[in-house]
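# Notes for the structure review
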Amino acid sequence: MTGPRFRRDGAWVGASVPRREDPRLLAGRGRFVDDITLPGMLHAQFVRSTVAHGWIRAVDLDEVRAVPGVVAAFSAADLALGDITALLDRPPHEFVPTSMPVLARDKVRFVGEPVAIVIARDPYAAEDGVEAAVVEYEELEPVVGDTAALADGAPLVHAEAPRNTLVDVSLFATEGIDEVFAEAPCVVRVRSKTGRQNALPLETRGVVASWDDRDEQLHVKTNTQIPHQVRTVLARCAGLDEKQVRVTVPDMGGGFGQKCVVGREEIAAAAAALRLRRPVKWIEDRRDALTAAFLAREQRYDVRAAFDADGRILALDADVVCDMGAYSCYPFTAGIEPLMASAEMPSVYRVPAYRVRGRAVTTNKAPTGPYRGVSRPQYVMVVERLMERAARELGLDPVEIRRRNVITVFPYTGVNGITYDPGSYRESLELCERVLREEGWYDLRDTGRVIGIGYACFSERTGYGSGAFAQRRMQVVPGFDISEIRMDVSGTVSVTTGTMSHGQSHETTMAQLVADRLGLDIAQVKVVQGDTDRITYGFGSFASRSITIGGSAVAAAAEKLGAQLKEIAAHLMEVDVDACELDGDGGVRLRDDPDRRLSFAELADVAYLRAHLLPKGVGPGLSATASFDVPGDGTFSNATHGVVVELDPGTGGVEILRYVCVEDCGVAINPKVVDGQCRGGIAQGIAGALFEQVTYDAAGQPLAPSLMEYKVPTASEIPDIAIHHLETPCAFTANGAKGAGEGGTIGAPAAVLNAVNDALRDTGVELDDTPIAREAVFRALEAHRG
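Right, let's walk through the structure included here. Computed from a prediction, not measured in an experiment: that's the story for all the values here.

When you go through the protein chain residue by residue, the secondary structure sums to 20 helices and 30 strands. Expected size for 786 residues packed as a compact globule is a radius of gyration near 28 Å; at 27 Å, the protein chain falls within 12% of this value. Relative to its 786 residues, the protein chain shows a buried fraction of 63%. For the protein chain, the accessible surface area stands at approximately 28600 Å², while carbon and sulfur atoms represent 49% of it. When the 83 basic and 109 acidic side-chain charges of the protein chain are each reduced to a single mean position, those positions are 1 Å apart.

Okay, structure coming up:
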């Protein structure tokens, strides 16, 4: 049954089609992990470390097993699982591999680390069992910050990691760069630190695992962005063949990167289900989500930039230190943040000389994983602060200095060895400024109110292919995606994608791609995702790869199926295949005689039910498989964000009056979905700029274990966001689309911070850290008044 058509100019791609997911989700008919109930299901909770650093001297679970309702309790010794180990193929002086046990075995390295798992008949009994556990620790001195971790004689989080350093790389060092700085007319410096954050998806992590005797298979239902990688790690840890593990993903309430690494808890819960031969469910509570889930963002930058007298950048010299917490995350390792920052820091600017050192430091905190943007919000903020500082030193307008430095000729190969495909860097900058000027925001700065205007100009590398990840020397090299499409007897299709939606509208946008390629209504396209038994292989969703890579594979598979349909139709109509074309209405017709056509249903009837009528050499059925991998260095979306803020002299509070985003993600498959991605990303970027921070005391105890302490912006703090689209099609991907998932988050911290500093322009105070401290703003304004 077909639904209403919402095509744009006869095409699905480019149309703001209403999301196909929404009727189900908005009516409360979504099915999330915690909605799953199986007969005989048990519930799991974890005994977690109460100390940040220490030897485990004893784990006593006898009292736990005596608690009413408790069925079992397991320590690391009981389950005997293999460790989770993420690797880079780098020499020992650049990368130190460390293993993360599923349950802490000999040592605990952060508060909240799982030490044992308790299985009970209901969640309440499981919690009671956790309270009854007795764990004896020999406490060790913790290291709670990167400076302390790097200090001489600091306690070692991992004995195998000298100076608590897991990654230490110098990817680029232009010859003669010191002479450039010595001779430059203008040298500016920014020292910046960004706060540790939690991705804070609405739905916390969770898993339901059960053993199926008939299939001889462990079925794991979990809300992960990377189902195939979970299958691989679980099979290795539990000593199973991968065919004995099936991972499926139900509806998912957000991930933002936190769910694109393999967690310990889902492995432990699945192992318990295997051991007990009964279904086991684990749902993370919010306290554990805030203290023990993968965190992100805590980074320190010391960066210099040299400029000539006209404001053109001559060189960039950076030292990047990332606090990665207690362990490397799988599959990306602790190198994910320093390697990203080191490789891409030149951003949208023509930088002739570049030197960078990037380090990942281990500390006694919850481990760090990816979070929307991965280092780009941080290094973009630093580079944009350098632009602002140089503009002030040289007496230039902040927009003008950017205009003189942005890349304008494409393709452009930077000093970092990356080739940037065509974008609208200068155009987005100029349009953003024009919008703010025409709306009259600049006039407010002369009214006596404390008004600031700030910009951030940046690119978002999207669709990292295998080549890009291979440059990081990851042992697991993500990149390609595989899609299979099948047409059934009724002429409708199902298509698989190795990507995994956690709110990005894949059921809609992937269907738009297929509908255009075959000439179907999107209601006739079913998108299958998140099932390792039905999908050949996939690397999931992260790094804005879903449409660029997954969508390109889907489109290629649809084109192959279209070719099959034309071949069968040509045979049945006794014409050459070149005389046939898809008619855009669910059939194949003759080019010169459009009235002669066969519907897909008629062709499918032959392919399945009357296969003797098929052309010689064509087998029964209608299906096709295709893969896609972005060539070269991938593709780059770009944007400019402009922000207007007002500071409250009485409190130091920051209010965002206006937010303008000019973005270019190539061809937007669904503009309304792109708008949603931009607005959601900007909200998370504002959160990092003004509100959110995970902090610890000197003993490594988390100081923000609930939403009472961890400040999250509400709708009142997020302004109306105006979005303007530019379109520079990508030459590599289906339909010319680039990724759009992370740009909002990347640009917002820099734009907000620059706007606050513009408002403080007469005080002599400049702020370079986030989140922006209200107290620092207040003191600056008070001193200026005094």
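Attention shifts here to the pattern of salt bridges. Throughout the structure, instances matching the rule amount to 64 salt bridges. A salt bridge links Asp323 to Arg196; the shortest N-O distance between them is 3.7 Å. One end of the pair, Asp323, is in strand β16 (residues 313-323); the other, Arg196, is in the loop between β10 (186-194) and β11 (206-212), and 127 residues separate them in sequence. There is no split in this pair, since Asp323 and Arg196 are both buried.

We now examine the sheet that holds strand β6 (residues 107-108). Strand order in the open sheet formed by three strands is β6-β2-β8, and the pairing between neighbours is antiparallel. Where the open sheet ends on each side, the last strands, each with one partner, are β6 and β8 (134-139). Across six bridges, strand β2 (residues 54-60) lies against β8 in antiparallel orientation. Across the sheet, the residue bridging to Val59 is Val135, located in β8.

On to the packing of aromatic side chains. Inspection of the entire model under this criterion finds eleven aromatic pairs. Here Tyr412 and Tyr420 contribute two aromatic rings whose centre-to-centre distance is 6.2 Å and whose plane-to-plane angle is 45°, an arrangement assigned as tilted. Consider the rings of Tyr420 and Phe636, whose centres lie 4.4 Å apart with planes at 35°: the pair is tilted. Of the two residues, Tyr420 is situated in strand β19 (residues 419-420) and Phe636 in strand β28 (residues 635-647); the sequence distance between them amounts to 216 residues. Each member of the pair, Tyr420 as well as Phe636, is classed as buried.

Moving on to the sheet that holds strand β23 (residues 525-528). Across the sheet, which stays open at both edges, the four strands sit in the order β23-β22-β21-β27 with mixed pairing between neighbours. The open sheet terminates on both sides in strands that have one partner only, identified here as β23 and β27 (623-628). For this sheet, the mean inter-axis angle between neighbouring strands, taken without regard to orientation, is 20°. Pairing between strand β21 (residues 481-487) and β27: six bridges, direction antiparallel. Bridge assignment links Ile482 to a residue of β27, and that residue is Ser627. On top of the sheet, helix α15 (residues 506-518) reaches β21, β22 (493-496) and β23; it is set at about 130° to β23, its chief contact. In the packing of helix α16 (residues 546-573) onto the sheet, contacts are made with β21, β22 and β27, and the angle to β27 comes to roughly 145°.

A few words on the side chain of Ser49. Inspection of the secondary structure puts Ser49 in the loop between β1 (42-48) and β2. Assessed through its relative accessible area of 3%, Ser49 is described here as buried. The contact partners of Ser49, leaving out residues within four places of it in the chain, are Val108, Phe110, Val111, Gly112, Glu113, Val115 and Tyr137.

A separate point is helix α18 (residues 671-690). Between its first and last C-alpha atoms α18 spans 28 Å; for 20 residues at 1.5 Å apiece the expected length is 28 Å, and the two agree. Counting buried residues along α18, 15 of its 20 residues qualify, which places the element largely inside the surrounding structure.

Along the chain, the position of Ala699 falls in the loop between α18 and β30 (721-726). Residue classification places Ala699 among the partly exposed residues on the basis of a relative accessible area of 44%. Residues Ala699 and Pro142, spaced 557 residues apart in sequence, show a C-alpha to C-alpha distance of 6.4 Å. Ignoring anything within four residues of it in the chain, the contact list for Ala699 reads Ala52 and Pro142.

This next bit is on unusual backbone geometry. Here the amide bond leading from Phe410 into Pro411 is cis, since omega sits at -10°, within 30 degrees of zero. The residue after Thr770, namely Pro771, is reached through a cis peptide bond having omega 0°. Considering the arrangement of structural elements, one finds Pro771 in the loop between α19 (743-759) and α20 (774-785). The phi dihedral of Val374 is positive, around 40°, even though this residue is not glycine.

Rules used in this analysis
- Residues numbered from 1 in each chain as written.
- Predicted model: local features only at pLDDT ≥ 70, side-chain atom pairs only at ≥ 80, totals over all residues.
- Heavy atoms only, no water.
- Helix = DSSP H or I, 4+ residues; strand = E, 2+ residues; numbered from the N terminus.
- Rg over C-alpha atoms; globule rule 2.2 N^0.38 Å.
- Buried < 20%, exposed > 50% of the residue type's maximum accessible area, 1.4 Å probe, protein only.
- Areas by Shrake-Rupley, 256 points an atom, 1.4 Å probe, with all protein chains shown as cover.
- Lys, Arg positive; Asp, Glu negative; His and termini not counted.
- Charge placed at Lys NZ, Arg CZ, Asp CG, Glu CD.
- Salt bridge = Lys/Arg side-chain N within 4 Å of Asp/Glu carboxyl O.
- Pairing = 2+ DSSP bridges.
- Phe/Tyr/Trp six-rings, centres within 6.5 Å; stacked < 30°, edge-to-face > 60°.
- Axes fitted to C-alpha atoms, helices over the stretch in contact; angles between N-to-C directions.
- Contact = heavy atoms within 4.5 Å.
- Expected span 1.5 Å × (residues − 1).

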